[in-house]
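# Observations on chain architecture
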Amino acid sequence: MMHFKLLCQKILPLQVLLVLLAFSSCEATLAPAYDQAIVGKVTESSDLAMRFFAEVDGGTTNESFAMREPIYNTLIGAFESLKLQAKARPVPNNTALEKINELLKSKGSGAISGEYPSAFAFEQIALTFKKMKETDREQGIKPLALQAFKGQIEIFLDQAITYESFLKR
């Protein structure tokens, strides 16, 4: 009888602890919270970018650059702003990033690298528009070069939109 009483005294606290752990809800944050403001601005900025590419579809000349400069400035500013907003959120752990990269790979897109996946993509978009602006100002842009700029921006937009959409889950 003594052994039974001693055994109950030792096992009961362990059982209570296990039951408490089982019924407590422990959540682990795998990624930053979904931010509708960022998604809305990405949608608006990508729409503006694609409309701009449609307007200059046949190429540009440096003589008419002054008409396009305000659009370049708007696009560069928008994507730099998105980069800052995305960087203000905590970095996801590797598990979330792995799932996002699997999704991107299934869509035929490259993997995201860097500490801030969408911030990295937004930064690359802004840098591409800066290079495009510089090229346009100096010599204009031939249709083939225009397609290269557009293709690069589409890749990074796809990565950013995929990441931001993943956060909504």
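This structure is a prediction, so every number in the text was calculated from the model and none was measured. (Residues numbered from 1 in each chain as written. Predicted model: local features only at pLDDT ≥ 70, side-chain atom pairs only at ≥ 80, totals over all residues. Heavy atoms only, no water.)

### A look at the overall build of the protein
Just so we agree on the cut-off: Numbering goes from the N terminus for both helices and strands, where a helix is a DSSP run of H or I of at least four residues and a strand is a run of E of at least two. Residue burial is assigned from relative accessible area. The probe radius is 1.4 Å, only protein chains are included, and a residue is buried under 20% of its type maximum, exposed over 50%, and partly exposed in between. Should any heavy atoms of two residues lie within 4.5 Å, those residues are considered in contact. For the area figures, the Shrake-Rupley method with a 1.4 Å probe applies, and any residue is considered shielded solely by the protein chains shown.
Secondary structure assignment for the protein yields 6 helices and 0 strands. For the protein, the sequential pattern of α-helices and β-strands runs α-α-α-α-α-α. Counting every position in the protein, which comprises 169 residues, the buried fraction comes to 35%. Summarising the internal contacts of the protein: among those between residues at least 6 apart in sequence, 85% fall at separations of at least 24. With the model as given, the accessible surface of the protein reaches about 10500 Å², and the carbon-plus-sulfur share is 60%.

### Points about the environment of Leu-48
By the secondary structure assignment, Leu-48 is in helix H2 (residues 36–55). With 23 residues separating them along the chain, Leu-48 and Ile-71 place their C-alpha atoms 8.8 Å apart. The residues touching Leu-48, leaving out its near neighbours within four places in the chain, are Thr-74 and Leu-75.

### Concerning the environment of Glu-138
You can see Glu-138 is positioned in helix H5 (residues 117–139). By relative accessible area, which is 52% here, Glu-138 ends up exposed. Distance in space between the C-alpha atoms of Glu-138 and Phe-65 is 8.9 Å, their sequence separation being 73 residues.

### Considerations on the pattern of salt bridges
Definition in use: By definition, a salt bridge exists where a carboxyl oxygen of Asp or Glu is found within 4 Å of a side-chain nitrogen of Lys or Arg.
All chains considered together, the criterion is met by 5 salt bridges. Residues Lys-133 and Glu-69 are paired through a salt bridge, measuring 4.0 Å at the closest nitrogen-oxygen approach. Taken as a pair, Lys-133 in helix H5 and Glu-69 in helix H3 (residues 65–87) lie far apart in primary sequence, 64 residues in all. The partner of Lys-130 in a salt bridge is Glu-80, and the shortest N-O contact between them spans 2.7 Å. One end of the pair, Lys-130, is in helix H5; the other, Glu-80, is in helix H3, with 50 residues separating them in the sequence.

### Some details on the side chain of Thr-60
Stated formally: Pairs of N or O atoms are called polar contacts if they sit within 3.5 Å, as long as, within protein, a hydrogen donor faces a hydrogen acceptor (for residues adjacent in sequence, only side-chain-to-side-chain pairs).
Structurally, Thr-60 can be placed in the loop between H2 and H3. Side-chain polar atoms of Thr-60 contact the side chain of Asp-136, separated by 2.7 Å. Discounting chain neighbours no more than four positions away, the residues touching Thr-60 are Arg-68, Asp-136, Gly-140 and Ile-141.

### Some details on the packing of aromatic side chains
Defined as follows: Any two rings among Phe, Tyr and Trp, with Trp reduced to its six-membered ring, count as a pair given centres within 6.5 Å; such a pair is stacked if its planes are under 30 degrees apart, edge-to-face if over 60, and tilted if neither.
All told, the structure shown has 7 aromatic pairs when counted by the stated rule. Between the aromatic rings of Phe-52 and Tyr-72, the centroid separation amounts to 5.1 Å while the plane-to-plane angle is 75 degrees, which identifies the pairing as edge-to-face. Taken together, the residues span a long stretch of sequence, with Phe-52 in helix H2 and Tyr-72 in helix H3 at a distance of 20 residues. Using a relative accessible area of 2% as the deciding quantity, one classes Phe-52 as buried. According to the relative accessible area criterion, Tyr-72 is buried, its value standing at 0%. Where Phe-79 meets Phe-129, the ring centres are 6.2 Å apart and the plane angle is 20 degrees; that geometry is what we call stacked. You can see Phe-79 sitting in helix H3 and its partner Phe-129 sitting in helix H5, a full 50 residues away along the chain. Taking relative accessible area as the criterion, Phe-79 reaches 0% and is therefore assigned buried. Accessibility expressed as a relative area gives 0% for Phe-129, which makes it buried.

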